[in-house]
Amino acid sequence: MVLEGNPEVGSPRTSDLQHPENQGSCILSSPGEDAQPGEEPIKYGELIVLGYNGCLASGDKGRRRSRLALSRRPHANGVKPDVMHHISTPLVSKALSNRGQHSISYTLSRSHSVIVEYTHDSDTDMFQIGRSTENMIDFVVTDTSPGGGAAEGPSAQSTISRYACRILCDRRPPYTARIYAAGFDASSNIFLGERAAKWRTPDGLMDGLTTNGVLVMHPAGGFSEDSAPGVWREISVCGNVYTLRDSRSAQQRGKLVENESNVLQDGSLIDLCGATLLWRTPAGLLRAPTLKQLEAQRQEANAARPQCPVGLSTLAFPSPARGRTAPDKQQPWVYVRCGHVHGYHGWGCRRERGPQERECPLCRLVGPYVPLWLGQEAGLCLDPGPPSHAFAPCGHVCSEKTARYWAQTPLPHGTHAFHAACPFCGAWLTGEHGCVRLIFQGPLD
């Protein structure tokens, strides 16, 4: 067995890596080492799953939720590469049997494997994301289906890895967060099999990709009113940045992008092949609208007493406390091709085109006719602008800049396809622009 690296660096202490506070959920709870009693710990950022509009359909419970804050842990649990071993396969099981020793195993052939041991890093906190419900996963994420629901049932086979990715956050300012593909399992190991994409880097180290990959997109201009979508990249197990593979699970890696890094920015999107997460920094969240502001906008819109131009009934957006149930009598409806807002009515159906296809009585355009629902996940909004635009065809309402940003942001779907989708429910967007400006009629009196 050949040892490479720096053997003088001490191995991680089992007590540090298996500390119970480092293995459980990272929901805000205990203060960090520098926090005073009664103070909240330092927040590194928040992860928001696209497609749920503020809460899972079954409710946010424990580590399975639509939004999670990553905060400084009471004790550091980060790890960093230490020693690399070249070994024969019979020794692999022995090398991976120490649960207190984090390691990544690269199987090159039936008779040759490379194991990289990781040592404790007192300067970082590690958070793991995946489909597994085991304790080492801090954020349990399941597949999101268009319409804001989770893919359920025995026939719904998940494409999200059980140990999809990990995020390491610096415990000191500026609290930089970095993302890496793959997470450590219950034995503190990451195993890349013989068929996984893996290679030796120019400096003699190892790197690889997971089966379905972890894709990241950093927005141009930050996540603000002037944002524009960036370019999707793939993140490797060691945190390097590559262009996309020909297909999601192809064995041939993309090209190394040397001038980009795995550092998460405000508005960075993380795609796990089945669910897409948005990263918001504390500074970015301070610029985002609050739930109180969204509620004030709803009340202001209702105070204007918009009316149905045909039935002349007063329309009103329902309270978010009522949830997205069946529309009530005052629910606004919209023709998504033209943007004319009405109350519900039963005329104008074009059954040859589908049950939702209606002819607008004002402009005669034919298209989907759907109820309007306010977007309630404030972290998905670029600005606190008024709710003036709706996504087509789902009818979720938000500000103009928020709607236009998401309408031009392609989200990964399947092995090589991309589609723009509503961030509040995950429905694929349709039409020329993916969203429409709402046209209300004020009261006649």
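Along each chain, residue indices are assigned from 1 in the same order as the chain's sequence is written. Per-residue local features of the predicted model are confined to residues with pLDDT of at least 70, and side-chain atom pairs are confined, for both listing and counting, to 80 or more; whole-chain, interface and lining totals are unaffected and use all residues. Each side-chain value is worked out from all heavy atoms of the structure, with water and hydrogens disregarded.

1. Describing the environment of L269
Numbered from the N terminus, helices here are DSSP runs of H or I no shorter than four residues, and strands are runs of E no shorter than two. By the secondary structure assignment, L269 is in strand 19 (residues 269-271). Residues L269 and G230, spaced 39 residues apart in sequence, show a C-alpha to C-alpha distance of 9.7 Å. Discounting residues that sit within four places of it in the chain, L269 has contacts with L50, L215, V216, M217, W232, T276, L277, L278, W406, T409 and L411. By the convention used here, residues are in contact when the closest approach between their heavy atoms is within 4.5 Å.

2. Concerning helix 6 (residues 400-407)
Accessibility here uses a 1.4 Å probe with only protein chains present; expressed as a share of the type maximum, an area under 20% marks a residue as buried, one over 50% as exposed, and anything in between as partly exposed. Of the residues making up helix 6, those classed as buried are T402, A403, Y405, W406 and A407. Looking at the buried residues of helix 6, the elements they touch are strand 16 (214-217), strand 19, strand 20 (276-280), strand 26 (389-391), strand 27 (396-398) and strand 30 (435-437).

3. What about the packing of aromatic side chains?
Only rings of Phe, Tyr and Trp enter the pairing, Trp through its six-membered ring, and a pair is recorded when the two centres are within 6.5 Å. The plane angle decides the type: under 30 degrees is stacked, over 60 is edge-to-face, the rest tilted. Tallied over the full model, the rule gives 13 aromatic pairs. Residues Y44 and F127 carry aromatic rings whose centres are separated by 6.1 Å and whose planes lie at 65° to one another, so their mutual orientation is edge-to-face. Note that Y44 is positioned in strand 2 (residues 43-49) and F127 in strand 7 (residues 124-130), a separation of 83 residues in sequence. Accessibility expressed as a relative area gives 3% for Y44, which makes it buried. Taking relative accessible area as the criterion, F127 reaches 2% and is therefore assigned buried.

4. Re helix 5 (residues 291-303)
A helix is expected to span 1.5 Å for every residue after the first. Taking 1.5 Å of rise per residue, 13 residues should cover 18 Å, and helix 5 covers 18 Å from first to last C-alpha, within 8% of that figure. Within the span of helix 5, buried status applies to L294, Q297, R298 and N302. Along the long axis of helix 5, the arc covered by the buried residues comes to 135°, so they all point the same way. In helix 5, the exposed positions that point more than 90 degrees away from the buried face belong to K292, E300 and A303. Of the surrounding elements, those touching the buried residues of helix 5 are strand 25 (373-374). Trailing helix 5 by a residue or two, R305 shows a phi angle of about 50°, which is positive. In this description, one arc is meant: the one made by directions from the helix axis to the C-beta atoms.

5. Describing the sheet that holds strand 12 (residues 177-181)
Pairs of strands are assigned from DSSP output, requiring at least two bridges between the strands. The four strands are arranged 8-7-11-12 in an open sheet whose pairing can be described as mixed. Of all the strands in the sheet, the pair left with one neighbour each is strand 8 (139-140) and strand 12. In the sheet, strand 11 (residues 165-170) pairs with strand 12 via five bridges, with the strands oriented antiparallel. Each residue of the ladder has a partner; that of R166, found in strand 12, is Y180.

6. Some words on the confidence of the model for the protein chain
Scored from 0 to 100, pLDDT records how confident the predictor is in each individual residue. On average, the protein chain scores 84 in pLDDT, and the residues at 70 or more come to 82%. The low-confidence segment residues 1-32, where pLDDT is below 50, has 83 contacts with residues more than four positions distant or belonging to other chains.

7. Looking at the pairing of strand 16
Here strand 16 shows no split at all, with V214 and V216 on one side and L215 and M217 on the other all buried. Examined bridge by bridge, strand 16 and strand 17 (residues 232-235) share four bridges and lie antiparallel to one another. For V216, the partnering residue across the bridge sits in strand 17 and is R233. Looking at chain direction, strand 16 and strand 19 are connected through three bridges and run antiparallel. Paired with M217 across the strands is L269, a residue of strand 19.

8. Considering unusual backbone geometry
Peptide bonds are, in most cases, trans, and in most cases residues other than glycine have a negative phi. Following P173, the chain continues to P174 via a peptide bond in cis, the omega torsion being 5°. Residue P393 is bonded to the preceding A392 through a cis peptide linkage, with omega at 15°. Position of P393 among the secondary structure elements: in the loop between strand 26 and strand 27. In the Ramachandran plot, N53 falls in the positive-phi region, its phi being about 55° despite a non-glycine side chain.

9. What about the nonpolar core?
Ranked by internal contacts, the top residues of the largest apolar core, which has 30 residues, are L47, I129, I167, I179, I270, L272 and L277. Elements with a minimum of two residues in this core: strand 2, strand 3 (67-71), strand 7, strand 11, strand 12, strand 16 and strand 20. With sequence-adjacent residues up to four places away left out, I167 is seen in contact with L47, L70, D125, M126, F127, I129, A177, R178, I179, L264 and I270. The next biggest cluster of nonpolar side chains, apart from the first, holds 27 residues, and it includes L215, C394, C398 and C422. What is meant by a nonpolar core is a set of buried Ala, Val, Leu, Ile, Met, Phe, Trp, Tyr and Cys residues, joined one to another through side-chain atoms within 4.5 Å.

10. Some thoughts on the pairing of strand 3
Counting buried residues in strand 3 gives four out of five residues, a clear majority hidden from the surface. In the sheet, strand 2 pairs with strand 3 via five bridges, with the strands oriented antiparallel. The residue bridging G45 from the neighbouring strand is L70, located in strand 3.

11. A short note on the pattern of salt bridges
The salt bridge definition used is simple: a Lys or Arg side-chain nitrogen within 4 Å of an Asp or Glu carboxyl oxygen. For the coordinates displayed, the defined rule picks out 15 salt bridges. Two residues, D138 and R73, come together in a salt bridge whose shortest N-O distance is 3.0 Å. One end of the pair, D138, is in the loop between strand 7 and strand 8; the other, R73, is in the loop between strand 3 and strand 4 (78-87), with 65 residues separating them in the sequence. In terms of burial, D138 and R73 fall into one category: buried. Between R171 and D125 there is a salt bridge, with its nearest N and O atoms 2.8 Å apart. Placement of the pair is R171 in the loop between strand 11 and strand 12 and D125 in strand 7, with a sequence separation of 46 residues. Here R171 and D125 have matching classes, each one buried. The structure contains a network of salt bridges with shared partners spanning K43, E46, R67 and E377.

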